[in-house]
Amino acid sequence: LDQKNVLWKNDSSPVLIDWEGAKLINPTHELISVALDWSGLTSLNVDIGILKSMLIEYQKAGGKLTGDIQDAFNVQMGAINWLVYN
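Attention in this report is confined to the structure presented alongside it.

The rules we used
- Residues numbered from 1 in each chain as written.
- Predicted model: local features only at pLDDT ≥ 70, side-chain atom pairs only at ≥ 80, totals over all residues.
- Heavy atoms only, no water.
- Helix = DSSP H or I, 4+ residues; strand = E, 2+ residues; numbered from the N terminus.
- Buried < 20%, exposed > 50% of the residue type's maximum accessible area, 1.4 Å probe, protein only.
- Contact = heavy atoms within 4.5 Å.
- Areas by Shrake-Rupley, 256 points an atom, 1.4 Å probe, with all protein chains shown as cover.
- Core = buried A, V, L, I, M, F, W, Y, C linked by side-chain atoms within 4.5 Å.
- Expected span 1.5 Å × (residues − 1).
- Patch = residues over 30% accessible without salt bridge, like charges linked within 9 Å, V, L, I, M, F, W, Y side chains within 5 Å.
- Salt bridge = Lys/Arg side-chain N within 4 Å of Asp/Glu carboxyl O.

Some remarks on the overall build of the protein
Here is step 1 of the chain: Of the regular secondary structure elements, the protein holds 4 helices and 2 strands.
Here is step 2 of the chain: Taking all 86 residues of the protein together, the buried fraction comes to 23%.
Here is step 3 of the chain: The contacts of the protein with a sequence gap of at least 6 include a subset with a gap of at least 24, amounting to 48%.
Here is step 4 of the chain: If you sum the accessible surface of the protein, you get close to 6,000 Å²; carbon and sulfur atoms cover 59% of it.

Structure representation (structure tokens):
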């Protein structure tokens with residue numbers, strides 16, 4: 001759910017676009033990717049509070065982190081090959 005793939009009709013009505021890349025993926029990798037994107041990585045100004053909140057709320061909602069979270073960060077930042085990780 002990349003930030004750039006959410007259009008807003010108004011303040012409370014999002015429309016999701018760009019589904020051609022939808023596929024199964026390691027859920028922890030996807031969470032880290034989305035959390036980094038929504039916390040400001042694309043503007044090179046990551047808000048750590050938003051990042052932490054997303055990780056906490058994901059788990060509160062029943063989401064499970066699989067694998068090593070540090071590896072997931074490293075994959076997202078390009079330090080580990082995505083295919084090897086998955």
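Continuing now.
Re the nonpolar core
Here is step 1 of the chain: Formed by Leu-31, Ile-32, Ala-35, Leu-36, Leu-51, Leu-55 and Ala-72, the largest nonpolar core amounts to 7 residues.
Here is step 2 of the chain: Those elements giving two or more residues to this core turn out to be α1 (27–38) and α2 (48–60).
Here is step 3 of the chain: At 4 residues, the largest contribution of residues to this core is made by α1.
Here is step 4 of the chain: Setting aside anything within four residues of it in sequence, one finds Leu-55 in contact with Leu-31, Ile-32, Ala-35 and Ile-69.

Description of α1
Here is step 1 of the chain: An ideal rise of 1.5 Å per residue puts 16 Å on 12 residues; α1 measures up with 16 Å between its terminal C-alpha atoms.
Here is step 2 of the chain: Counting buried positions along α1 yields 9 of 12 residues, so the element is predominantly enclosed.
Here is step 3 of the chain: Where α1 terminates, the next one or two residues include Gly-40, which has phi positive at roughly 115°.

Some remarks on a nonpolar patch on the surface
Here is step 1 of the chain: A cluster of nonpolar residues, Leu-7, Val-15 and Ile-17, forms a patch on the protein surface that exposes about 210 Å² of accessible area.
Here is step 2 of the chain: Residue position: Leu-7 is located in strand β1 (residues 6–10).

Overview of the pattern of salt bridges
Here is step 1 of the chain: The final tally for this structure, using the stated rule, is 1 salt bridge.
Here is step 2 of the chain: For the salt bridge of Glu-57 with Lys-60, the shortest nitrogen-to-oxygen distance reads 3.3 Å. Remark: Lys-60 and Glu-57 occur in helix α2; sequence separation between them is 3 residues, near one turn of the helix.
Here is step 3 of the chain: Residue Glu-57 is classed as partly exposed on the basis of its relative accessible area, which comes to 44%.
Here is step 4 of the chain: The exposed category is assigned to Lys-60, whose relative accessible area is 62%.

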